[in-house]
Every structure is written in C-alpha cells, then in structure tokens.
Amino acid sequence: MHGICSVQTIVFLTFLAGDASAQTCFAPPRPFVPSDPQAAQEYADLIRNDFEAYIQDIQNYFRCLDGERARAFQEAREVSEEYGRFHGLVGP
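Keep in mind the model is a prediction, meaning the values are calculated, not measured.

Q: Got a minute to help me understand the state of the cysteines in this structure?
A: Disulfide: a covalent bond formed between the sulfur atoms of two cysteine residues. What the rule picks out here adds up to one disulfide. A sulfur-sulfur separation of 2.0 Å characterises the disulfide bridge that pairs Cys25 with Cys64. Between Cys25 and Cys64 the sulfur-sulfur dihedral comes to about -85°; the bridge is accordingly left-handed. Here Cys25 is found in the loop between helix H1 (2-20) and helix H2 (37-42), whereas its partner Cys64 is found in helix H3 (residues 44-90), with 39 residues between them in sequence. Take Cys25 and Cys64: they sit in the same class, and that class is buried.

Q: Looking at this structure, I do not really get a nonpolar patch on the surface. What am I missing?
A: Together, Tyr83, Phe86, Leu89 and Val90 make up an exposed nonpolar region whose accessible area comes to about 470 Å². If you trace the backbone, Leu89 turns up in helix H3.

Q: Please explain the environment of Tyr43 as it appears in this structure.
A: Assignment of secondary structure puts Tyr43 in the loop between H2 and H3. A relative accessible area of 41% places Tyr43 in the partly exposed class. Along the backbone, Tyr43 and Val33 are ten residues apart, and their C-alpha atoms lie at a distance of 9.3 Å.

Q: Quick question: what am I supposed to make of the pattern of salt bridges here?
A: According to the stated counting rule, one finds three salt bridges in the structure shown. In this structure, Asp45 and Arg48 form a salt bridge, with 3.1 Å as the shortest nitrogen-oxygen distance. Of the two residues, Asp45 and Arg48 both sit in helix H3, three residues apart, roughly one turn of that helix. Assessed through its relative accessible area of 57%, Asp45 is described here as exposed. One salt bridge connects Glu75 with Arg71, and the closest N-O pair in it is separated by 2.8 Å. Of this pair, Glu75 and Arg71 are both found in helix H3, four residues apart, which corresponds to roughly one turn of the helix. Assessed through its relative accessible area of 21%, Arg71 is described here as partly exposed. Here the salt bridges share partners, and the residues they tie into one network are Glu68, Arg71 and Glu75.

How each quantity is defined
- Residues numbered from 1 in each chain as written.
- Predicted model: local features only at pLDDT ≥ 70, side-chain atom pairs only at ≥ 80, totals over all residues.
- Heavy atoms only, no water.
- Disulfide = S-S within 2.5 Å.
- Helix = DSSP H or I, 4+ residues; strand = E, 2+ residues; numbered from the N terminus.
- Buried < 20%, exposed > 50% of the residue type's maximum accessible area, 1.4 Å probe, protein only.
- Patch = residues over 30% accessible without salt bridge, like charges linked within 9 Å, V, L, I, M, F, W, Y side chains within 5 Å.
- Areas by Shrake-Rupley, 256 points an atom, 1.4 Å probe, with all protein chains shown as cover.
- Salt bridge = Lys/Arg side-chain N within 4 Å of Asp/Glu carboxyl O.

Now the structure itself:
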C-alpha cells in the first residue's frame with residue numbers, strides 16, 4: 001500500500017510541476033475616457049498616460065500569449081510522443 005501512495009504522490013507532484021510551467025497572461029484593462037468633454041479636458045494628461053500605458057501593456061500581453069502558445073505546442077508535442085511510447089509499451 002505504501003508503494004501505491006508513493007507512486008500517486010510522484011504522479012501528483014509531476015502534474016503540479018508541469019502545470020507550474022504554464023504562464024498566465026492577463027489582458028490589461030481598457031483605459032477610461034469620460035463622456036463629459038470638460039472632464040476629458042481636465043484629466044487629459046492622466047488619460048493620455050493611461051492610453052500609453054495600455055499600449056505598452058497590450059504589447060506585453062501579446063508577447064505573453066505568443067510565449068504561452070509556443071510552450072503549449074511544445075508540451076503537446078512532447079505529450080504526443082510520450083503517448084506513442086506508452087502505446088509501444090502496452091499496445092493499442
């Protein structure tokens with residue numbers, strides 16, 4: 001029984017380690033623009049800064065998505081190869 005628990009623990013920890021390598025990409029919030037023209041004028045510098053920060057953040061978000069996509073494809077390739085080896089061991 002102890003051997004089964006050890007195997008289950010190893011499988012669980014391997015699952016967690018694999019999952020930890022995945023990256024979570026968060027989209028930045030859209031900048032707020034007040035509908036009141038006077039408020040827009042009054043806070044123009046802050047709003048402009050928000051838009052510039054958004055543009056930088058969305059570019060980082062796209063890079064994150066590209067990196068995660070590449071990682072996921074590599075992982076899928078590796079899992080597919082592992083599955084092929086598994087079938088070689090146990091048959092179809």
